[in-house]
Amino acid sequence: AGDVVYVYDLPAGTAYTVVEAEHDYYTVGSSSNETGVLTKQVVTPVAFTNTPKTDGNLTIVKRVVHPFDTDPAGLTNKSFPIQVTLTAEDGTAYADAVTDNEGNTYTPVNGVITVTLKNGESVTLVDLPDGTDYFVDESAEQMPAGFSLDRTSTNLTGTIQTDATAVATVVN
C-alpha cells in the first residue's frame, strides 16, 4: 500500500507499459498512465488502485416439486432442516462461526451447521474463506413425512471461491 518505484535514465521517446500482477488478497482495479511514451525531463506517474478481495459466499435455495406441479395446501409451510458440512482448506472440519445474509450466526459442530428453509426460501452464508469445501444434504430422519431429497439437486458439493457466490439448490 502506497509503494512507489522510480525508474531512472530512460531515454525520451521510450514507449512503456506498466502491468501489475494479480495477487491472492486483492484485485487490480483502475489505473492511470499505464502506457505511454516518455518525454524528456518529465516525471510520469503511473498509479494503480486495488480492491481487497473478499471471501466467498454460499447461497442455499430450497425448492419443493409436487408431482402435479401445483402447491397443495400446507406444502408452502413445511420446514426442511438442511445440513451444510464445511471443510477448511487444510482438510479439517470448519470451526469458525458462520453468519448469514440476515445476521444470524451458526456455530459448526464438527464442521456441520443446520439451516431450516421452506419451499422458495433461500439463505446466503457470507464471508466463507476461499478454498472452503461444502456439502449440502438433508437427513431423511429430519425431513417432513412423505418427502425425499432429489439427488439431481444442483451444486450440493463444491468449493468456495474468492469474490464469488456458489448456489446450491436443494430439491424435494
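Since this is a predicted model, take the numbers as computed values, not measurements.

Attention now goes to the sheet that holds strand β12 (residues 157–159). Taking strand neighbours across the sheet as the criterion, the 4 strands line up as β9-β6-β11-β12 in an open arrangement whose pairing is antiparallel. Looking along the sheet, the strands with just one partner apiece sit at the ends: β9 (112–118) and β12. Neighbouring strand axes in the sheet, compared pairwise and without regard to direction, differ in orientation by 25 degrees on average.

Mapped onto the secondary structure, Thr59 falls in strand β5 (residues 56–63). Apart from residues lying up to four places away in sequence, Thr59 is in contact with Ser122, Val123, Thr124, Thr165, Ala166, Val167 and Ala168.

A few words on unusual backbone geometry. Phi at Asp9 is positive, roughly 60 degrees, even though this residue is not glycine. Mapped onto the fold, Asp9 is located in the segment before β1 (15–17). Of note in the backbone geometry, Asp163 takes a positive phi value of approximately 60 degrees without being a glycine. With respect to the helices and strands, the residue Asp163 is situated in the loop between β12 and β13 (165–171). You can call Asp163 partly exposed: its relative accessible area is 43%.

It is a general feature of regular strands that their side chains alternate between the two faces of the sheet. β13 sits mainly inside the fold: 5 of its 7 residues count as buried. In this sheet, β13 lies alongside β5 in parallel orientation, the contact comprising 7 bridges. Counted as the bridge partner of Thr59 is Val167 from β13.

Right, let's get into the pattern of salt bridges. If you walk through the whole model with that rule in mind, you get 1 salt bridge. Residue Glu138 pairs with Lys62 through a salt bridge whose shortest N-O separation is 3.0 Å. Taken together, the residues Glu138 in the loop between β11 (133–137) and β12 and Lys62 in strand β5 connect sequence positions 76 residues apart. Pair check on accessibility: Glu138 and Lys62 agree, each one buried.

Basis of the calculations
- All residue numbers refer to position in the chain's written sequence, counted from 1.
- Only residues with pLDDT of 70 or above have their local features reported here, since the model is predicted, and side-chain atom pairs are shown and tallied only from 80 upward, although totals for entire chains, interfaces and linings are computed over all residues.
- With hydrogens and water excluded, all non-hydrogen atoms of the structure serve as input to the side-chain values.
- Strands qualify as paired when DSSP identifies two bridges or more between them.
- Each helix is a run of DSSP H or I of at least 4 residues and each strand a run of E of at least 2, with the numbering of both proceeding from the N terminus.
- Every angle, taken between N-to-C directions, lies between 0 and 180 degrees, and every axis is a line fitted to C-alpha atoms, over only the stretch in contact when it is a helix.
- Any two residues whose heavy atoms approach within 4.5 Å are treated as being in contact.
- Buried, partly exposed and exposed residues are distinguished by accessible area as a fraction of the type maximum, computed with a 1.4 Å probe on protein chains only: under 20%, between the cut-offs, and over 50%, respectively.
- Just to be clear on terms, a salt bridge is a Lys or Arg side-chain nitrogen sitting within 4 Å of an Asp or Glu carboxyl oxygen.

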